[in-house]
Amino acid sequence: MIEALGFGRALILFPGASSDLGLMAQLLVNKRVGLEVHRDDRDGSFTVNSISESIRRVMVEEEGEEIRKNAWAMRKIFGNVKLQTKYLGPV
């Protein structure tokens, strides 16, 4: 996720069985930098159609314009190596 935002790319999110992935996906959806793939409420599965629909919504549809714009703005933070190394301090 960090690498994609570093290049200003909108995210298509597949939260897995791990609870932290679901929390991270929800955070990124709320920040409007990505879209979660729709999953079946009964068993959590997803289909080829739900994946392609999510990609289309983010990359082509008008509703994805805000997501693309927000992700592009994130590159100033996540793509800034100088800023990132500043937090590491001397190694």
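A brief look at the structure comes next.

Conventions and cut-offs
- All residue numbers here refer to positions counted from 1 along the written sequence of the relevant chain.
- Given that this is a predicted model, residues contribute local features only at a pLDDT of at least 70 and side-chain atom pairs are listed and counted only at 80 or more, while totals for whole chains, interfaces and linings are drawn from all residues.
- The basis for the side-chain values is all heavy atoms of the structure; hydrogens and waters are excluded.
- Between 30 and 60 degrees the pair is tilted, below 30 it is stacked and above 60 it is edge-to-face, where a pair is any two Phe, Tyr or Trp rings, Trp via its six-membered ring, whose centres lie within 6.5 Å.
- Put simply, DSSP marks the helices as runs of H or I at least four residues long and the strands as runs of E at least two long, and each gets a number from the N terminus on.
- Accessible area is worked out with a 1.4 Å probe on protein chains only. A residue is then buried under 20% of its type maximum, exposed over 50%, and partly exposed in between.
- Polar contacts here mean pairs of N or O atoms no more than 3.5 Å apart (in protein, one a potential hydrogen donor and the other a potential acceptor; neighbouring residues in sequence count only if both atoms are side-chain atoms).
- Contacts are assigned to residue pairs with any non-hydrogen atoms lying within 4.5 Å of each other.
- Patches here are clusters of residues that have more than 30% relative accessible area and form no salt bridge, with a 9 Å joining cutoff for like charges and a 5 Å cutoff for nonpolar side chains (Val, Leu, Ile, Met, Phe, Trp, Tyr).
- Accessible surface is estimated by sampling points in the Shrake-Rupley manner with a 1.4 Å probe; for residues, cover comes only from the protein chains shown.
- Here, a salt bridge means any Lys or Arg side-chain nitrogen found within 4 Å of an Asp or Glu carboxyl oxygen.
- Only buried residues count toward a nonpolar core, which is a set of Ala, Val, Leu, Ile, Met, Phe, Trp, Tyr and Cys residues joined through side-chain atoms within 4.5 Å.

Bringing the packing of aromatic side chains into the picture now. In this description, a pair of aromatic rings is defined by centroid distance and the angle of the planes. Tallying each qualifying case throughout the model produces one aromatic pair. Geometrically, the ring pair formed by Phe14 and Phe46 is tilted, given 5.3 Å between the ring centres and 55 degrees between the ring planes. In this pair, Phe14 sits in the loop between β1 (11-13) and α2 (19-30) while Phe46 sits in the loop between β2 (34-36) and α3 (48-59), placing the two residues 32 residues apart along the sequence. Judged by its relative accessible area of 40%, Phe14 falls in the partly exposed class.

What follows deals with the side chain of Ser54. By secondary structure assignment, the location of Ser54 is in helix α3. Among the polar contacts listed, one links the side chain of Ser54 to the backbone oxygen of Ser50, at a separation of 2.9 Å. Not counting residues within four places of it along the chain, the set of residues in contact with Ser54 comprises Ile12, Leu35, Glu36, Val37 and His38.

The subject of this paragraph is the side chain of Ser50. Its place among the elements puts Ser50 in helix α3. Polar contacts involving the side chain of Ser50 include one to the main-chain carbonyl oxygen of His38, which spans 3.4 Å. Beyond its immediate stretch of four places on either side in the chain, Ser50 contacts Val37 and His38.

A grouping of Met1, Leu21, Met24 and Leu27 is seen on the molecular surface, where their side chains present a nonpolar patch of about 330 Å² in accessible area. Within the secondary structure, Leu21 sits in helix α2. Looking at Leu21, the relative accessible area reads 37%, which means it is partly exposed.

In this section: unusual backbone geometry. Of note in the backbone geometry, Arg32 takes a positive phi value of approximately 60 degrees without being a glycine. Take Arg32: it is sitting in the loop between α2 and β2. Overall, Arg32 belongs to the partly exposed group, its relative accessible area being 29%.

Attention shifts here to the nonpolar core. In this structure, Leu5, Ala10, Leu11, Leu13, Ala25, Leu28, Val29, Val33, Leu35, Val58, Ile67 and Ala71 together form the largest nonpolar core, which totals twelve residues. Of all elements in the fold, only β1, α2 and α4 (65-78) reach the threshold of two or more residues within this core. Examining the composition of this core, we find that three residues originate from one element, α2, more than from any other. Excluding its chain neighbours within four sequence positions, the residues that come into contact with Ile67 are Ala10, Arg32, Val33, Gly34, Leu35 and Val58.

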